[in-house]
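Here's the letter readout for the chains.
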2 protein chains.
Amino acid sequence: MSSETPDTQRRGPYRTGVRRREQIIGAATAVFAEYGYAGGSVRTIADRIGVSPASLLQHFGSKEGLLMAVLEDWDRHTVETRLTDVTGLDYFRRLPDVMAANVSNRGLLELFITMAAEASSPTHPAHAFIQRRYTDNLATLAGHLQHAVDAGDVAVLSSAEIGIEVRLVTAILDGIGLQWLLDPSTDVVTSTATYVNRTITGWRSPR
Amino acid sequence: MSSETPDTQRRGPYRTGVRRREQIIGAATAVFAEYGYAGGSVRTIADRIGVSPASLLQHFGSKEGLLMAVLEDWDRHTVETRLTDVTGLDYFRRLPDVMAANVSNRGLLELFITMAAEASSPTHPAHAFIQRRYTDNLATLAGHLQHAVDAGDVAVLSSAEIGIEVRLVTAILDGIGLQWLLDPSTDVVTSTATYVNRTITGWRSPR
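Please read these numbers as outputs of a predicted model, since none were measured by experiment. (Residues numbered from 1 in each chain as written. Chains lettered and ligands numbered in written order. Predicted model: local features only at pLDDT ≥ 70, side-chain atom pairs only at ≥ 80, totals over all residues. Heavy atoms only, no water.)

**Details of the interface of chain A and chain B**
Point 1. Taken together, the contact between chain A and chain B spans 44 residues of the former and 44 residues of the latter.
Point 2. Linking chain A to chain B there are four salt bridges.
Point 3. Among the salt bridges present, the one from B:Glu165 reaches A:Arg198, with a minimum N-O distance of 3.0 Å.
Point 4. Run the count over chain A and chain B and you get 16 residue pairs in polar contact (both at pLDDT 80 or more).
Point 5. Secondary structure elements with two or more residues in the side of chain A that touches chain B: α2 (13-39), α8 (106-118), α9 (127-150), α10 (159-182) and α11 (188-204) of chain A. (Contact = heavy atoms within 4.5 Å. Salt bridge = Lys/Arg side-chain N within 4 Å of Asp/Glu carboxyl O. Polar contact = N/O pair within 3.5 Å; in protein donor to acceptor, adjacent residues only side chain to side chain. Helix = DSSP H or I, 4+ residues; strand = E, 2+ residues; numbered from the N terminus.)

**Topic: the relation of the copies chain A and chain B**
Point 1. Overlay of chain A on chain B (RMSD 0.0 Å): rotation 180°, translation along the axis 0.0 Å. In the structure described here, the two chain copies are related by an operation that fits a two-fold rotation axis. The position closest to the rotation axis in chain A is occupied by the C-alpha of A:Gly39, lying 1.7 Å away.
Point 2. A shared binding surface is used by both copies, with 100% of the interface residues of chain A retained as interface residues in chain B. (Least-squares fit on C-alpha atoms with pLDDT ≥ 70 in both.)

**Re the confidence of the model for chain A**
All names here are of chain A.
Point 1. Per-chain confidence: chain A averages 88 in pLDDT, with 91% of residues scoring 70 or above.
Point 2. Across chain A, the secondary-structure element scoring lowest on mean pLDDT is helix α1 (residues 6-10), at 49, and the one scoring highest is α10, at 97.
Point 3. The low-confidence segment residues 1-5, where pLDDT is below 50, has 11 contacts with residues more than four positions distant or belonging to other chains. (pLDDT = per-residue confidence, 0-100.)

**A few points about the nonpolar core**
Point 1. A:Ile130 and B:Ile130 are the most contacted members of the largest nonpolar core, which has 136 residues in total.
Point 2. In this structure, A:Ile130 is in contact with A:Phe112, A:Met115, A:Ala116, A:Ala119 and B:Leu182, ignoring residues within four places of it in sequence. (Core = buried A, V, L, I, M, F, W, Y, C linked by side-chain atoms within 4.5 Å. Buried < 20%, exposed > 50% of the residue type's maximum accessible area, 1.4 Å probe, protein only.)

**Some thoughts on the UniProt feature "domain: HTH tetR-type" (unreviewed entry) in chain A**
Point 1. The residues that UniProt annotates with the feature "domain: HTH tetR-type" (unreviewed entry) are residues 18-78 of chain A.
Point 2. Across residues 18-78 of chain A, the secondary structure splits into 89% helix and 0% strand, with the terminal C-alpha atoms separated by 21 Å. (UniProt positions renumbered as here; feature names shortened; annotations may be inferred.)

**Observations concerning empty space enclosed by the protein**
Point 1. A complete count under the given rule lists two cavities of 30 Å³ or more for this structure.
Point 2. Here the largest cavity is characterised by a volume of approximately 70 Å³.
Point 3. A:Ile113, A:Ala117, A:Asp174, A:Gly175, A:Leu178, B:Ile113, B:Ala117, B:Asp174, B:Gly175 and B:Leu178 together form the lining of the largest cavity.
Point 4. Elements with a contribution of two residues or more to the lining of the largest cavity: α8 and α10 of chain A together with α8 (106-118) and α10 (159-182) of chain B.
Point 5. There is about 40 Å³ of room inside the second largest cavity.
Point 6. If you go around the second largest cavity, the residues you meet are A:Tyr195, A:Arg198, A:Thr199, B:Tyr195, B:Arg198 and B:Thr199.
Point 7. Among the elements of the structure, α11 of chain A together with α11 (188-204) of chain B are those that each provide at least two residues to the lining of the second largest cavity.
Point 8. Of the residues contributing to the lining of the second largest cavity, the split by class is two nonpolar, two polar and two charged. (1 Å grid on protein atoms, 1.4 Å probe; cavity = no way out; pocket = protein on both sides within 12 Å on 5 of 7 lines; lining within 4 Å. Points joined across faces, edges and corners; volume = space filled by probe spheres on them. Nonpolar A, V, L, I, M, F, W, Y, C, P; charged D, E, K, R; others polar.)

**Notes on the pattern of salt bridges**
Point 1. What the rule picks out here adds up to 16 salt bridges over all chains.
Point 2. Where A:Asp97 meets A:Arg94, a salt bridge forms, and the shortest distance between an N and an O atom there is 3.9 Å.
Point 3. Given the relative accessible area of 27%, A:Arg94 is considered partly exposed.
Point 4. B:Arg48 is the salt-bridge partner of B:Glu34, the closest N and O atoms lying 3.7 Å from each other. Linking B:Glu34 in helix α2 (residues 13-39) with B:Arg48 in helix α3 (residues 42-49), this pair joins segments that are 14 residues apart in sequence.
Point 5. For B:Arg48, a relative accessible area of 43% gives the class partly exposed.

**Points about the packing of aromatic side chains**
Point 1. The final tally for this structure, using the stated rule, is 13 aromatic pairs over all chains.
Point 2. Ring centres 5.1 Å apart and planes at 80° place the aromatic pair A:Phe92 and A:Trp203 in the edge-to-face group. Of this pair, A:Phe92 sits in helix α6 (residues 89-93) while A:Trp203 is found in helix α11, placing the two residues 111 residues apart along the sequence. For the residue pair A:Phe92 and A:Trp203, the accessibility class agrees, reading buried in each case.
Point 3. Grouping aromatic residues by their ring pairs yields a cluster made of A:Trp74, A:Phe112, A:Phe129 and A:Tyr134.
Point 4. When the ring centre of A:Trp180 is taken as reference, the NZ or CZ atom of A:Arg106 above it lies at 5.5 Å.
Point 5. Seen from the ring of B:Tyr37, B:Lys63 lies directly overhead, with NZ or CZ sitting 4.5 Å from the centre. (Phe/Tyr/Trp six-rings, centres within 6.5 Å; stacked < 30°, edge-to-face > 60°. Lys NZ or Arg CZ within 6 Å of the ring centre and 35° of its normal.)

**With respect to the side chain of A:Glu110**
Point 1. One can find A:Glu110 in helix α8.
Point 2. Classification of A:Glu110 by relative accessible area gives buried; the value is 10%.
Point 3. Among all residues touching A:Glu110, those that are not within four sequence positions of it are A:Ala33, A:Leu181, B:Ser120 and B:Ser121.

**A short note on the domain arrangement of chain A**
All names here are of chain A.
Point 1. Looking at chain A, the domain boundaries give domain 1 (1-70) and domain 2 (82-207).
Point 2. Computed from C-alpha coordinates alone, the two centres of domain 1 and domain 2 are separated by 32 Å.
Point 3. Each side of the interface is counted separately: domain 1 has 10 residues, and domain 2 has 10 residues.
Point 4. Buried surface at the junction of domain 1 and domain 2, summed over both partners, amounts to about 770 Å²; 75% is from carbon and sulfur atoms.
Point 5. For the interface between domain 1 and domain 2, the tally reads zero salt bridges. (Domains from an automatic or database assignment. Buried area = accessible area lost by both parts, 1.4 Å probe.)

Take a look at the structure:
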């Protein structure tokens, strides 16, 4: 198509290639977020940026290759919002801020929740990626809660109890995110803060 | 196709029609649960039961008509598991059983969570249906919590606080359901019971 003429490429083929890749990933993120992976066609993505499907696939090899590029890009974005400066209970206290950041990028949140639901099928190409994301996140949360137990900041919790607690925290973040997508008047920060505060109080009370 | 010959129809056209409709709805539920609505094609659904796409659409008019039939069928199924015999805090105490029932039908849970994520887009044909489901469920939960407040079973909560509480309960049910789809070793009953018990304790403590 005209936007990929040799003329454009002569102005800096590498930079043009990088820019075009970013453009494709942006369009694919939006289309997969809206239609899911199965429903988002390469043609729809290509149409959004005015290239041919064949030209788009030159950059990524296949639709599945394009999905992997979208997920890696999403990973890079979430790394930026990852909390590396806090540990233990402070990690949980920052979760309302994390949710505020998540809803500032509707496209990425929509992509992640749609993909998580769709990729629960074991044959989905993002299945392993999504499972690993959940395993990693649960392990991170469990590490921080164990840290709080070890520091005596909360009552003693068994590792089975910690396992349940981190699944509940994760459920709140996903579930409140989903409700916000369906109804943007959902107060994600107050909801998350209410959960975190009551939960920390519960963790502190000896049972 | 052969299963829709006049010969079959002579044996009882109405009953055959009803059975065929149920068969189509079952196949469509499975396909939409796996691929989403956008990604689940009429051809894939028709292939699963060995009819032509044209013959399938005769029953429902359009793909959107088929989706509506699937959602109404899902509604009928959930009515059966709806808790009509309990009010107030007892309603919340029964939620672990509701989750146990939900995970006994993976297909319907997968359909609902995939559809909720995908239908967050305002142009999705199930958008209004899903929004109404959430509004109705939140109102039901809020009614039971208000009942508990009025009965003096919990401390006084403002209506804004009740609004937050019922969003959190809903988030737990959706989020734990999603984690179970991704990892069937997730203990949905213990997770939900842990949440409900701590939350009721929290509601009872004056702040």
